[in-house]
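Fold and geometry: a report
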Amino acid sequence: MSGQKLKFGVVVFPGSNCDHDAYHVLKHVLHQDVRFLWHKEPSVQDVDVVVLPGGFSYGDYLRCGAIARFSPIMTDVIAFANRGGAVLGICNGFQILCEAGLLPGALLRNACLTFVCKYVNLRVETTDAIFTSECKRGDVLQIPVAHGEGNYVVDNESLHRLEEKHRILFRYCEPDGSVTPGANPNGSLANIAGLMNERGNVMGMMPHPERAADPVLGHTDGQVIFHSLIDCLVQREIVHN
Amino acid sequence: MYLARIVITLRKSILDPQGKAVHHALESLTMKNICDVRIGKFIELKIDAPDEREAGRLTEQACKQLLGNPVMEDYSFTIEKA
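Residues numbered from 1 in each chain as written. Chains lettered and ligands numbered in written order. Predicted model: local features only at pLDDT ≥ 70, side-chain atom pairs only at ≥ 80, totals over all residues. Heavy atoms only, no water.

**Some words on unusual backbone geometry**
Residues and elements named next belong to chain A.
- With a phi close to 55 degrees, H166 is a non-glycine residue in the positive phi region.
- Along the chain, the position of H166 falls in the loop between α4 (156-164) and β9 (168-173).
- Residue class for H166 comes out exposed when judged on its relative accessible area of 53%.
- Its identity is not glycine, yet A190 carries a phi of approximately 55 degrees, on the positive side.
- Residue position: A190 is located in the loop between β9 and β10 (192-196). (Helix = DSSP H or I, 4+ residues; strand = E, 2+ residues; numbered from the N terminus. Buried < 20%, exposed > 50% of the residue type's maximum accessible area, 1.4 Å probe, protein only.)

Dropping the structure here:
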């Protein structure tokens, strides 16, 4: 990884609780420039990447992410995404991106109805993405989930488009990489754990890569997602300058 | 003053595991004639509007923009004088 640093902005909504984990990994493990962006701020400033972290923004009232989607900063997050800025939504962040229409579909209550908190295996479906460029197709990453509403749904037409355009990034799988109902912790359609938009700059995933990135915790499979993003964007900057 | 009573329901194509769980619970209470259960939301809005039509328009806007997520939910409402 080159020595160049990117600027990350971690948005903090009332009720976000994974913002500090994201900040810690980005700053102290990956040595990037990071700042918090309070949800009332009008602009994302000059960040290269916006992170919408996990948590329970607005208490998950009405629907998860339904109210956060209208927080003042989201106007600029959406504008930033629309001009190609990189946005990474994790768990509640994924829910907010779907509510905001930056990603298709929605996250429903887990099919098992319980809050699921455990390590899962994710199969990397495509590496033609800034979020998985350092992976190999078929790689299995061990990353934890912790959610009660992670059941991804989308209409058939959109699912077909997602599959056709290779926009599904991760699927829940067995340790050997096979995609089975048993490996699906929440009932998500087609075992989808993470996906990106058409342009490839906005990604949402239910698992928490920031909880599997600090070597001190014993799992670092999440690092590759951040490495991919950092290397792709740094390369892009080098090409443009 | 008008009162909008809004019902938000899951679209028919969406599986409702919560409804299913409640269905099983009702069955265990020996209510075997209940064939299906689906669970939705009820929301009341108190609206300061000049007439029923405007109250209805505002309610529709609230439903479309925030109260219901069209990917998975349908909404319906009635308006009455508060």
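Moving on from the coordinates now.
**Points about the pairing of β10 of chain A**
All names here are of chain A.
- Taken across its five residues, β10 has five buried, putting it largely inside the fold.
- Bridge count for β9 against β10 is three bridges, and the pairing is antiparallel. Bridge pairing in β10 links R171 to I192.
- Pairing between β10 and strand β11 (residues 202-205): three bridges, direction antiparallel. Counted as the bridge partner of G194 is M205 from β11. (Pairing = 2+ DSSP bridges.)

**Points about the sheet that holds strand β7 (residues 140-147) of chain A**
Residue and element names in this part refer to chain A.
- Strand order across the open sheet formed by nine strands is β2-β1-β3-β4-β11-β10-β9-β6-β7, with mixed pairing between neighbours. Among the strands making up the open sheet, the edge pair consists of β2 (33-38) and β7. Within the sheet, the average angular offset between the axes of one strand and its neighbour, ignoring direction, is 25 degrees.
- Sheet topology places strand β1 (residues 7-12) next to strand β3 (residues 49-52); three bridges connect them, and they run parallel. Residue G9 lies in a different strand from β3, and its bridge partner there is V50. (Axes fitted to C-alpha atoms, helices over the stretch in contact; angles between N-to-C directions.)

**Some thoughts on the sheet that holds strand β1 (residues 2-10) of chain B**
Residue and element names in this part refer to chain B.
- Sheet architecture is open: three strands sit in the order β2-β1-β3, paired in antiparallel fashion. Edge positions in the sheet fall to β2 (41-47) and β3 (73-81), since each of these pairs with one other strand and no more. Within this sheet the neighbouring strands show an average axis-to-axis angle of 20 degrees, counted without direction.
- Strand direction decides the pairing type here: β1 and β3, joined by nine bridges, are antiparallel.

**Quick notes on the packing of aromatic side chains**
Residues and elements named next belong to chain A.
- This model, assessed by the stated rule, comprises three aromatic pairs over all chains.
- With a centroid separation of 4.6 Å and an interplanar angle of 20 degrees, the aromatic rings of Y23 and F36 are classed as stacked. Taken together, the residues Y23 in helix α1 (residues 19-29) and F36 in strand β2 connect sequence positions 13 residues apart.
- The exposure class assigned to F36 is partly exposed, which follows from its relative accessible area of 30%. (Phe/Tyr/Trp six-rings, centres within 6.5 Å; stacked < 30°, edge-to-face > 60°.)

**Comments concerning the interface of chain B and chain A**
- At the interface, 14 residues of chain B touch 13 residues of chain A.
- Summed over both sides, the interface between chain B and chain A buries roughly 1,100 Å², with carbon and sulfur atoms accounting for 70% of that surface.
- Looking at the side of chain B facing chain A, the largest losses of area belong to P17, L66 and M72 of chain B, adding up to 40% of the total buried there.
- Scanning the region where chain B abuts chain A turns up one salt bridge.
- The closest approach of N and O atoms between E73 of chain B and R63 of chain A, which form a salt bridge, is 3.6 Å. (Contact = heavy atoms within 4.5 Å. Buried area = accessible area lost by both parts, 1.4 Å probe. Salt bridge = Lys/Arg side-chain N within 4 Å of Asp/Glu carboxyl O.)

**Some points on the side chain of S158 of chain A**
- The residue S158 of chain A is located in helix α4 in this model.
- Within polar-contact distance, the side chain of S158 of chain A engages the side chain of D155 of chain A at 2.9 Å. (Polar contact = N/O pair within 3.5 Å; in protein donor to acceptor, adjacent residues only side chain to side chain.)

**A word on the nonpolar core**
All names here are of chain A.
- Within the largest apolar cluster, 75 residues are counted, with the highest numbers of intra-cluster contacts made by F8, V50, L52, Y152 and F170.
- If one sorts the elements of this core by residue count, helix α5 (residues 223-240) sits on top with seven residues.
- Sequence-distant contacts of V50, that is, excluding residues within four places in its chain, are made with G9, V11, V44, V77, F80, A86, V87 and L88. (Core = buried A, V, L, I, M, F, W, Y, C linked by side-chain atoms within 4.5 Å.)

**Observations regarding the environment of K27 of chain A**
Residues and elements named next belong to chain A.
- Its place among the elements puts K27 in helix α1.
- For K27 and A100, which are 73 residues apart along the polypeptide, the C-alpha to C-alpha distance reads 28 Å.
- Leave out the neighbours within four places in its chain, and K27 touches Q32 and V34.

**A short note on helix α2 (residues 52-67) of chain B**
Residue and element names in this part refer to chain B.
- For α2, which comprises 16 residues, the first-to-last C-alpha distance of 20 Å sits more than 12% below the rise-based estimate of 22 Å (1.5 Å per residue).
- When we look at burial in α2, the residues that qualify are A55, G56, T59, C63 and L67. Along α2, the residues classed as buried sweep out an arc of 100 degrees about the axis, all on the same side. Turned more than 90 degrees away from the buried face of α2, the exposed residues are R53 and K64.
- Where α2 is buried, its residues meet β1, β2 and β3.
- The distance from a side-chain oxygen at the start of α2 to the backbone nitrogen of R53 is 3.2 Å, and the residue carrying that oxygen is D51. (Expected span 1.5 Å × (residues − 1). Arc of directions from axis to C-beta.)

Geometry only, nothing functional implied.
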